[in-house]
Each structure stands twice: as structure tokens, then as C-alpha cells.
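Structural overview for review
Listed below are the residues making up each chain.
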Amino acid sequence: MRASVPDILPRVPLAPRTTWRIGGPAEHFAVPRSLEEVFALFELAASRGWPLFFLGRGSNILVDDAGLPGLTLQVGGLTEFSRQGDRLRAGAGVALPRLARRLADMGVAGFEFLEGIPGTVGAGVRLNAGAWGREIAGLLSRVWVATPAGRLLEFTPAELEPGYRSTRLLAFPHWLVVGAEFRLFGEEDPVSIRARMAELAARRRTVQPASPRSCGSVFKNPPQGPAAGRLIDEAGLKGRRLGDAVVSRKHANFILNAGRATAAQVKALIALIQEEVWRRFGVALEREVVFLPEDLSGHH
Ligand SMILES: Cc1cc2nc3c(=O)[nH]c(=O)nc-3n(C[C@H](O)[C@H](O)[C@H](O)COP(=O)(O)OP(=O)(O)OC[C@H]3O[C@@H](n4cnc5c(N)ncnc54)[C@H](O)[C@@H]3O)c2cc1C
């Protein structure tokens, strides 16, 4: 028997589902609650000829002002969270800060750095999210990916070839990370784990803007250094504004939505930064943030 297809909603605004609060609506929008529902939605999208987009917590995307055609699948319904001994399985929709806090309460150390990354397990695995010199790939034992052809693939972290803000999954934008298994090590008193998390949060507050309306770092740090934020700062771009899109004065690799910024304004500001940094320092800044729908091809 076919799995039932979850509700598909028409013209759902995406701006409130992104941290930047920018972008138009999804033509169609659904929240699958199981792997069966994911596959049923894949099938439906294929039969209707709808392009497919994936959304986590929208903390690393810029949605176009015209919105997204086809079907946007939000992974927030994939919420498995189950521990067996030294392994933990988490669904793609589990928020990274929640994962970190729940493990801290269980007395499992090593996940503290995830608390300040406001995304999901699925998107975090895809991009190998990280902070303070730690990366999510270092915690993984297995990853499950659903493909539009109806297959469920399993990968070890080594097979994903993780690097700085990258895995091989970036080359397959139509593959949906549905869940991951983490290795739990480093038992410790929850109180001291929580104390370390508070310390990291305090460090973040000193270097990052207070406004939640950003996507975190817009650009990757160039491999040969210096950091993207420093280059943008030295190019004199702190505070540069196009409409309501503003380069943060506190951390130049952040672009803030200071009011009613549009995707067009953010894109123009990003292009201006790339041009200035190239002209001044000969460095081509590579975007970390994903443009939807443009980056659907996986090249960004
Ligand atoms: C204030 C702030 C601080 C941040 N700090 C950090 C940091 O320290 N380190 C860091 O690495 N990042 C940081 N980020 C960026 C962001 O939180 C991460 O990249 C996070 O992993 C994105 O998760 P998300 O669920 O919000 O993804 P989304 O923005 O919803 O999606 C990002 C991309 O992943 C795709 N995607 C989403 N879910 C899946 C899935 N299940 N399978 C396949 N593809 C999927 C989307 O289609 C899109 O292309 C920060 C962001 C903010 C706003």
C-alpha cells in the first residue's frame, strides 16, 4: 500500500521560516513526518513535474523575492531522537541547539559547540557545520539519505569526504538527509557541560551581532586566510548599506536585515563585497549561504 501524502499547502510564505526574514512564498509546501511520506512527496513532485526544494530552519539560505516554484519540503517533522548505548539517532529535523542541550542533560560531552548553530541536523550534516574548531562530521557514525529515485542510502562520515563547510552531499542537491547516527563519548557532569556551553555562548555574543536577522557567515573563510570578515572590514565595507541590507559593524561577514531588506538588495550587497574584496586583495570570496532557487544545481 502507498504511504499517504501529507497535506500540501499552496503559497506558503517562506520569509518567516528563514532567520533573515526575507523571500517570497513556496508555490507548494509540505512537512513530511516519516520516510514513507518523504518518498510519497518525491513521487508526487516527479509526477507533477515540480522542482523540489528542501528547508530546515532557514538559517543558511536566501530565498528569492519571487519565492520558490514547485514543492518545498520542510524537514521539521523528522524528529526521531533515540539513544541506544553509545549511539544516538536523530532525525534531520532535530535542531542542533536542542541536540546539544539534550545530550548535555544526559551527561554526554562533545556536542557543546553545536548549541550556537541555529540549524538542523540534516542541513548541518550536508554542509559539515562547525564552530570553535569542531565540526559535526567528527561526531557522526552514519548518515541516511533519501534519493528522488526512491532509495535510502547509508554513508559513513569518511564516505562523505567532509571538509571545511563541505561534504560530497553538496554535489547532490536533490538528496535529502533524513537522519544521522552520532557516537556518544565523553561522559561528564551535566553541570560542567552546561557551563562550557554558556562560555561558548558568551564568546559568540562578544564577536557576533545581537540581531537574529542574519544567516550567520555569508562567506566561507578563504583557505589561505585571512578570514572573510577581516578582508571585508579592511575593504572598508563595515556598515555598507543597500536598502535595508547592512554589513554588520560588529562582524563584517554578517549581513543584517535591518528592516524590510529584499533578496535583491542582499544579493547586490554580496556582489559588491565580492567585487571590492577581489579588487583590493585579489581574493575571490566564496559564498557559504545558499541562494534558492538559483543554487539548486548545487554549484555555489
Ligand atoms: C546567527 C547564526 C550563526 C551561525 N553560526 C554558524 C556556525 O557557527 N557554524 C556553522 O557551520 N553555521 C552557522 N550558521 C549557519 C547555519 O546555521 C548552518 O549552516 C546550519 O547548518 C543550517 O541549517 P538549516 O536547517 O537552517 O538549513 P537551511 O538554511 O534551511 O538550508 C540550508 C541548505 O541545506 C539544504 N537542506 C536543508 N535541510 C536539508 C536536508 N535534510 N537534506 C539535504 N539538504 C538540506 C537546503 O535546501 C539549503 O540548500 C549560523 C547561522 C546563523 C543565523
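Calculation criteria
Residues numbered from 1 in each chain as written. Predicted model: local features only at pLDDT ≥ 70, side-chain atom pairs only at ≥ 80, totals over all residues. Heavy atoms only, no water. Helix = DSSP H or I, 4+ residues; strand = E, 2+ residues; numbered from the N terminus. Expected span 1.5 Å × (residues − 1). Buried < 20%, exposed > 50% of the residue type's maximum accessible area, 1.4 Å probe, protein only. Contact = heavy atoms within 4.5 Å. Pairing = 2+ DSSP bridges. Axes fitted to C-alpha atoms, helices over the stretch in contact; angles between N-to-C directions. Domains from an automatic or database assignment. Buried area = accessible area lost by both parts, 1.4 Å probe. Salt bridge = Lys/Arg side-chain N within 4 Å of Asp/Glu carboxyl O. Polar contact = N/O pair within 3.5 Å; in protein donor to acceptor, adjacent residues only side chain to side chain. Phe/Tyr/Trp six-rings, centres within 6.5 Å; stacked < 30°, edge-to-face > 60°. 1 Å grid on protein atoms, 1.4 Å probe; cavity = no way out; pocket = protein on both sides within 12 Å on 5 of 7 lines; lining within 4 Å. Points joined across faces, edges and corners; volume = space filled by probe spheres on them. Nonpolar A, V, L, I, M, F, W, Y, C, P; charged D, E, K, R; others polar.

Some points on helix H1 (residues 35-48)
Given a rise of 1.5 Å per residue, 14 residues ought to cover 20 Å, and the 20 Å separating the end C-alpha atoms of H1 matches this to within 8%. Of all the positions in H1, only Glu-37, Val-38, Phe-39, Ala-40, Leu-41, Phe-42, Leu-44 and Ala-45 are classed as buried. Elements that come into contact with the buried residues of H1 comprise strand S2 (25-30), strand S3 (52-55), strand S5 (68-74), strand S10 (140-146), strand S11 (152-155) and strand S12 (176-183). Gly-49 lies just past H1 and shows a positive phi near 75 degrees.

Let's talk about the sheet that holds S2
The mixed open sheet is built from four strands, whose spatial order is S1-S2-S5-S3. Pairing within the sheet leaves two strands with one partner each, and these edge strands are strand S1 (9-13) and S3. Each strand of the sheet is rotated relative to its neighbour by a mean of 45 degrees, with strand direction disregarded. In this structure, S1 lies alongside S2, joined through four bridges in antiparallel fashion. Bridge assignment links Val-12 to a residue of S2, and that residue is Ala-26. Contacts between H1 and the sheet are confined to S2, S3 and S5, with S5 contributing the most and set at about 175 degrees to the helix.

Considerations on the domain arrangement of the protein
Partitioning the protein into domains gives domain 1 (11-77), domain 2 (81-206) and domain 3 (210-297). One C-alpha centre belongs to domain 1, the other to domain 3, and the line joining them spans 25 Å. Listed per partner, the contact involves 17 residues of domain 1 and 22 residues of domain 3. Across the domain 1/domain 3 interface, buried area totals approximately 1,600 Å², and carbon plus sulfur atoms make up 62% of it. Its largest share of buried area at the contact with domain 3, domain 1 owes to Trp-20, Asn-60 and Leu-62, together 44% of the area lost on that side. For the pair domain 1 and domain 3, the interface holds one salt bridge. In this structure, Asp-64 and Lys-267 form a salt bridge, with 2.8 Å as the shortest nitrogen-oxygen distance. For the pair domain 1 and domain 3, the number of links is 10 residue pairs in polar contact (both at pLDDT 80 or more). When residues of the side of domain 1 that touches domain 3 are traced back to their parent elements, those giving at least two are S3, strand S4 (61-63) and S5.

Topic: the packing of aromatic side chains
Scanning the model with the defined rule gives five aromatic pairs in all. Taken together, a centroid distance of 6.2 Å and an interplanar angle of 75 degrees make the contact between Phe-39 and Phe-42 edge-to-face. Remark: Phe-42 and Phe-39 occur in helix H1; sequence separation between them is three residues, near one turn of the helix. Of the two residues examined, Phe-39 and Phe-42, each falls in the buried class.

A few points about the layout of surface pockets
Considered as a void within the structure, the second largest pocket measures approximately 270 Å³ in volume. Along its surface, the second largest pocket is lined by 14 residues, and Leu-35, Glu-80, Gly-91, Val-178 and Gly-179 are the ones closest to its centre. Its residues assigned to classes, the lining of the second largest pocket comprises seven nonpolar, four polar and three charged. The residues that make up the lining of the second largest pocket include at least three from each of domain 1 (11-77) and domain 2 (81-206).

A short note on the environment of Ile-193
Counting through the fold element by element, Ile-193 comes out in helix H4 (residues 190-207). A relative accessible area of 1% places Ile-193 in the buried class. In this structure, the C-alpha to C-alpha distance between Ile-193 and Arg-101, residues 92 residues apart in sequence, is 9.2 Å. Beyond its immediate sequence surroundings of up to four residues, Ile-193 is in contact with Ala-104, Gly-107, Val-108, Ala-109, Glu-112 and Glu-188.

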